[in-house]
Number of protein chains: 2
Amino acid sequence: MPESSGTPSTPDSGPPFAPLREPFLQSRKIYVTGSKADLRVALREVRQHPTVDAKGTVLAENPPVLVYDTSGPYTDPEVEVCLDRGLPALRAPWIERRGDVTPVRVPRVAGSAAFPAARTVLRCRSGRHLTQLYYARQGIITEEMEYVSIRERACAESVLEGSRRPGAPEPLFRETITPEMVRREITEGRAIIPANINHPEAEPMIIGRNFAVKINANIGNSALRGSIAEEVEKMVWAVRWGADTVMDLSTGVDIHDTREWIIRNSPVPIGSVPLYQALEKAGGNAVDLTWDLVRDTLIEQAEQGVDYFTLHAAALKDHFSLLTPRLTGIVSRGGAIMAAWCTAHRKENFLYTHWDDICEILAAYDVGVSIGDGLRPGCVHDANDAAQFAELKTQGELTRRAWDHFVQVMNEGPGHVPLDLIRENMDKQADWCCDAPFYTLGPLPTDIAAGYDHITSALGAALIGWNGAAMLCYVTPKEHLGLPDKEDVRTGVVAHKLAAHAADLAKGLPGARIRDDALSKARYEFRWSDQIALSLDPDKALRLRNEAVPGVAQAPEGFCSMCGPNFCSMRLYQTLCTVHGQRDS
Amino acid sequence: MPESSGTPSTPDSGPPFAPLREPFLQSRKIYVTGSKADLRVALREVRQHPTVDAKGTVLAENPPVLVYDTSGPYTDPEVEVCLDRGLPALRAPWIERRGDVTPVRVPRVAGSAAFPAARTVLRCRSGRHLTQLYYARQGIITEEMEYVSIRERACAESVLEGSRRPGAPEPLFRETITPEMVRREITEGRAIIPANINHPEAEPMIIGRNFAVKINANIGNSALRGSIAEEVEKMVWAVRWGADTVMDLSTGVDIHDTREWIIRNSPVPIGSVPLYQALEKAGGNAVDLTWDLVRDTLIEQAEQGVDYFTLHAAALKDHFSLLTPRLTGIVSRGGAIMAAWCTAHRKENFLYTHWDDICEILAAYDVGVSIGDGLRPGCVHDANDAAQFAELKTQGELTRRAWDHFVQVMNEGPGHVPLDLIRENMDKQADWCCDAPFYTLGPLPTDIAAGYDHITSALGAALIGWNGAAMLCYVTPKEHLGLPDKEDVRTGVVAHKLAAHAADLAKGLPGARIRDDALSKARYEFRWSDQIALSLDPDKALRLRNEAVPGVAQAPEGFCSMCGPNFCSMRLYQTLCTVHGQRDS
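Residues numbered from 1 in each chain as written. Chains lettered and ligands numbered in written order. Predicted model: local features only at pLDDT ≥ 70, side-chain atom pairs only at ≥ 80, totals over all residues. Heavy atoms only, no water.

**What to know about the overall build of chain A**
Along its length, chain A carries 19 helices and 17 strands. The buried share of chain A, reckoned over its 585 residues, is 67%. A sequence separation of at least 24 residues applies to 74% of the contacts in chain A between residues at least 6 apart. Summed over all atoms, the accessible surface of chain A reaches about 18900 Å², with 52% contributed by carbon and sulfur. (Helix = DSSP H or I, 4+ residues; strand = E, 2+ residues; numbered from the N terminus. Buried < 20%, exposed > 50% of the residue type's maximum accessible area, 1.4 Å probe, protein only. Contact = heavy atoms within 4.5 Å. Areas by Shrake-Rupley, 256 points an atom, 1.4 Å probe, with all protein chains shown as cover.)

**Details of the relation of the copies chain A and chain B**
Expressed as a screw transformation, the operator carrying chain A onto chain B has a rotation angle of 180° and an axial translation of 0.0 Å, and the superposed copies differ by an RMSD of 0.0 Å. Both copies of the chain, as the preceding transformation shows, are related through a two-fold rotation axis. In terms of proximity to the rotation axis, the leading residue of chain A is A:Leu459, whose C-alpha is 2.4 Å off the axis. The share of interface residues of chain A whose copies in chain B are also at the interface is 99%, consistent with both copies meeting through the same surface. (Least-squares fit on C-alpha atoms with pLDDT ≥ 70 in both.)

**Comments concerning the nonpolar core**
Formed by 345 residues in total, the largest nonpolar core has its most connected members in A:Leu289, A:Trp355, B:Leu289 and B:Trp355. In this view, A:Leu289 contacts A:Leu275, A:Ala278, A:Leu279, A:Ala282, A:Val294, A:Ile337, A:Trp341 and A:Phe350; residues no more than four positions away in its chain are not counted. (Core = buried A, V, L, I, M, F, W, Y, C linked by side-chain atoms within 4.5 Å.)

**Focus on the confidence of the model for chain A**
Residues and elements named next belong to chain A. Of all residues in chain A, 88% attain a pLDDT of 70 or more, and the chain-wide mean is 89. Note on residues 1-15: pLDDT is under 50 here. Beyond four places in sequence and across chains, it has 33 contacts. Segment residues 158-173: pLDDT under 50, and 31 contacts once partners within four positions in sequence are set aside and those in other chains are kept. The ipTM assigned to the predicted complex is 0.93, against a pTM of 0.93. (pLDDT = per-residue confidence, 0-100.)

**Things to note about the packing of helix H3 (residues 143-154) of chain B against helix H4 (residues 179-187) of chain B**
Residue and element names in this part refer to chain B. As a packed pair, H3 and H4 sit with axes 8 Å apart at the nearest point and diverge in direction by 115°. Regarding H3 and H4, the two cross each other, and that crossing is right-handed. Within the contact between the two elements, H3 uses Met-145, Glu-146, Val-148 and Ser-149 and H4 uses Pro-179, Val-182, Arg-183 and Ile-186. (Axes fitted to C-alpha atoms, helices over the stretch in contact; angles between N-to-C directions. Left-handed = near helix turned anticlockwise from the far one by under 90°.)

**Focus on the interface of chain A and chain B**
Taken together, the contacts link 109 residues of chain A with 108 residues of chain B. Of the roughly 9500 Å² buried between chain A and chain B on both sides combined, carbon and sulfur atoms contribute 67%. Taken together, the connections running from chain A to chain B amount to 2 salt bridges. For B:Glu547, the salt bridge identified is with A:Lys478, shortest N-O distance 3.3 Å. On the surface where chain A and chain B come into contact, there are 18 residue pairs in polar contact (both at pLDDT 80 or more). Going through the elements one at a time, helix H7 (274-281), helix H9 (333-345), helix H14 (453-467), helix H15 (486-507), helix H16 (513-524), helix H17 (528-533), helix H18 (538-548) and helix H19 (569-580) of chain A are the ones with two or more residues in the side of chain A that touches chain B. The greatest single-element share of the side of chain A that touches chain B, amounting to 10 residues, is contributed by H15(A). Across the side of chain A that touches chain B, the residue classes tally to 58 nonpolar, 27 polar and 24 charged. (Buried area = accessible area lost by both parts, 1.4 Å probe. Salt bridge = Lys/Arg side-chain N within 4 Å of Asp/Glu carboxyl O. Polar contact = N/O pair within 3.5 Å; in protein donor to acceptor, adjacent residues only side chain to side chain. Nonpolar A, V, L, I, M, F, W, Y, C, P; charged D, E, K, R; others polar.)

Given below as structure tokens:
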């Protein structure tokens, strides 16, 4: 790792990577093999203890619980991970078998910060297409589609029949997740699998309203802070806690090399905002940006393996005059950059005018596009205003044009929106953007909680996820105050994982409640260790439990730590059931 | 303070109370005087810096922002606070003027842990009534009603006309908060002012759907943990961060004395669950509870000044058989205690059969009742089931019967409920309980986030607050794992304050957005110190800011810490506006 030591260091060789490789409590990595031997879907299996009576006699076994797992090979002790070589190229044989790629070149490795391992850059063969959207439309079920169908479905397989109560709202889910269903969702643009052919290390993952709600974690250094080693560590840390994608928003030095280290070692799709690097190339002055600079940057990053680009192509010249009534103008970096360029040149946003050129580049590598919300509101005062919705309509137009190029699309959504105006955002996006996945920042339903904005964001995120948003961009406690450190990343990820799960439960995702039910049963039976192991962040749950009642986290003691033995409701009730036989077990 | 030192110690004399008395950044306590000289309503005024241009020239002054303030005299340096004497008895002259009370006795002060200052216990004079509900029905506007109307309204006075956009949902608020409107809301049972005549130290506060959403913080030691000094400190800490009421849920030793110290020093209403103390008196065995023990405990606590009691009177004998399909049975302590008693004796819940006796006691002191939800679901599996709703219906019956005794009532609501089932809870409670205020624990929309359940709870709380819940019971990060420490209390309070505010914005509470708008304007103008001062937890915001960019929190630097100067969207946009004149200021 550059900047952490002079010689190549592996994650096994010591801090800070060793703790990142520890499997979770009572957990092991398992693999479900698909229709081909090299299609092995990684999941986490959480073992449980048996249910016992007061004398310790086993009354019943509790089956292991399968959990959706974003942590990649890092939590599998069987896999040797070496950051200097990168992760195994899981998807390489699939991409090769399809025969639609051609090598471009082996990139030059130079500079002390450069990633040391050589690698062949691929692009689409002339006259061919290779995006997941293209394959889906041809009726082809790719390995990626099969992978995600197994991944999404495995955790739901043991779903109990009739677990939804009568009268509950109609679930969004009307059918089982199968490879064919995945293919159809992609064909119709309702879901995407961001999967650049130059990022074969990533485990396929699907984003769409009819699948589990996903979350994204932003990392990246700035001119003010951050080193490459720190950013790679944050990425591994983020996927450990559940980030489904990671966006590298670096704007500082070593922007290319930072991204290369991150991509080579990332088991999840990586997103970026290419405009940031283009701006660095333009000497930091938005007015000096050119289409050529941006085009070259798109190709550079597509060749590196970025899985999706955020492009602020829908913030148009005519929209800027709609900003006048706002309290906080433009709060998106990309939006502000394009506004500065358009205004100085008195020309239309060149990302908009070059949209077809852009889509051709994206299609050659299967880079997805996340059409940015450069004019998103930065405070509740500005929510759902004319500027925001004018841009959203344009996002819809660009969505349809990108689909014509077989480019996979999602749309970025609002920043600050009060709870009562969130639904309108979701409905308009679904309508105007033809059900393309909605990827939302928050929304944040109040402005007054600096230092707690991971919570503010989780409130809005849960609501919009329930309403149909497909991916939630995390916000950390440092939002509005500074760049997140490692602990902020963890807190932000878990808060949004929680929001995504609450949304999954509310929208009736099959099997989503299995983990809740298992954990609650463990809680009721005082299986403390199982309760902790099934929690979103077992390490923190264990630490808090040990703080509260030192040393007893592993031992069932028959009452809960809050109340003491005489005041434990669950103990009282269970005694009651045992004595009076009101309830089995 | 007992257990902290042998001699009486005042909060001024050193830790841990000195930091609790520090006024907030840029803030001072102000008082708005009502129609009588002794009716002085406390608020917090947050000063702001002027808006300046790049050269530091003042462009505009920014008016101070008034903030609803629960911290009591602790944050007023002008008030001498001595924990051994208790807070000034703000309401004593009002209660005396009304002439409806009679002294009972001066309680004996004994034991090393006893509160040292003598005080006369009051109760209702024979043949009179003195609850706020009684006065309201007589057409009397009490000082308490006037106080809360000023308190609720002051922060909204500068509300901008037309700040709600056309097409937004109809706000719940159709009229200005006046003393007469407060009286009418109380008359109709839609709001309560918990105000025991024996807790004259409390600043009046109103709970009802047509006012700001309130939050409660639970404190209290258990057989396992906690000292009196710790609990008093937690109470002061909780009100500092915004708790509108505090419930003392102590179950351990010194239960009477702990409560006395807390009440005498609390500027907010105090709630309790008298059953816990009665159970201690019964030797810890629920089966040995008797009505006499409970009656004596109700009187004991009413004489101390508890402002509202949670009573699990609606969990009936017939309901318990409905629990069979549940995963986690009974998770309410009070519910489990009553279930154990009913089942052992094969008799109806004696809190239910003695309801009229109970109401007579409550009415004699104006103790409010919070009808407990002893059968609330303890996991999402059990949400909205037959047992829960059977109890809720009984809560409605008891509500109407309590109103006949002029007792002020609220209803407690569900624990674990997925997002899609929350609305049904609110609607059924409003319907069956005739719009009595709904006081909710969470709800928690997932079970799998141990260690983060303050966030889980905030998600559900914001949603149900928006839908009409009047008060939110906080949950801390230690929920399900152990008892909260001081830092957990702070985190839990701020998380729920945030949820309550998000609900206020969503339901269109007049003036709720003033603080958001002021903060966002400060953010946009890089007035960092103002942004921090206007945040819910200025101390934490300042700390995080200093971590991110050491030393610059007080100095505007013209760009935000996340992006560096070239990537600051707000700076870019402002430059643009200055150069191209797209926007004033």
